Amino acid sequence: DYGVGLRYAPEGGPLAAGVEYLDSDGGDAVFGVGKRVPFDAVRVYGSLRWDALALGLSYERVDVENEADPRNYTLLGATYQLMPKLTLAGTLGYLKDVVPSAAASPDGIDGEGLTVGAFYELTPRLTTYVAARGVRLDSDADTETYAVGIRYAFELEPFPGFGLAR
C-alpha cells in the first residue's frame, strides 16, 4: 500500500485545499464487499473558515478491483460555534455506484445521508455531544442512528520534549 497527498493551507488564512491518492493491494477491507480487495482512491477537498463558521467539501472516487464502475462519494460539511463552548455541526453526503454485491445491485447503489450534532466543551479536554444520522439508499436499506457521548482527550508525554498531545 502507498499513499501521497498535497495540502495547501496558508497559516492564518481562511482557505485549505488538497488532493490525496491511495493505492491499496488489498490489505484494507472495502465497504460492502466482505473481504479485502485491491483498490485505488483519489480524494479532492477544500474548506473555508470565517470566524465561527467553517465549510468543507470533499469528493472521492474509489476504483475497486472487479467492479464495473468506480464508486463516487461527495461530502459537504459545516460547523458553527454558536457560543464559546457550544459548536453545532452537520454533514450532507452522497454516494453513487457503490456495488456491495453484484448479484443484489448490479447497477450500484445511490443514496444520501445527513448527520447533525452539537458539541459542548465542559473543560479543555472534556466534551459532551449529541448526534443523529439518517441514510437513505435507493436499495431501501435506510438507517437512522442516534448518539450521546462524552469525549476525553488524554495527553501523554513519556519523554520530556517528545510529548504526544490529543
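Our structure's up above, just so we're on the same page.
Just so you know, these numbers come straight off a predicted model, no measurement behind them.

1. A look at the side chain of Asn 72
- Take Asn 72: it is sitting in strand β5 (residues 71-83).
- A distance of 2.3 Å separates polar atoms of two side chains, one belonging to Asn 72 and the other to Tyr 59.
- Only 3.3 Å separates the side chain of Asn 72 from the backbone oxygen of Pro 70, close enough to count as a polar contact.
- Not counting the four nearest positions on each side in its chain, Asn 72 is found in contact with Tyr 59, Glu 60, Arg 61, Tyr 94, Leu 95, Lys 96 and Asp 97.

2. What to know about the sheet that holds strand β4 (residues 53-64)
- Reading across the sheet, the 9 strands line up as β1-β2-β3-β4-β5-β6-β7-β8-β9 and stay open at both edges, with antiparallel pairing between neighbours. Two strands bound the open sheet, and with one partner strand each, they are β1 (2-8) and β9 (143-152). Averaged over all neighbouring strand pairs, the angle between strand axes comes to 10 degrees, with direction disregarded.
- Where β4 and β5 come together, 10 bridges link them in antiparallel fashion. Each bridged residue has a counterpart across the sheet, and for Glu 60 the counterpart in β5 is Tyr 73.

What counts and how
Residues numbered from 1 in each chain as written. Predicted model: local features only at pLDDT ≥ 70, side-chain atom pairs only at ≥ 80, totals over all residues. Heavy atoms only, no water. Helix = DSSP H or I, 4+ residues; strand = E, 2+ residues; numbered from the N terminus. Polar contact = N/O pair within 3.5 Å; in protein donor to acceptor, adjacent residues only side chain to side chain. Contact = heavy atoms within 4.5 Å. Pairing = 2+ DSSP bridges. Axes fitted to C-alpha atoms, helices over the stretch in contact; angles between N-to-C directions.

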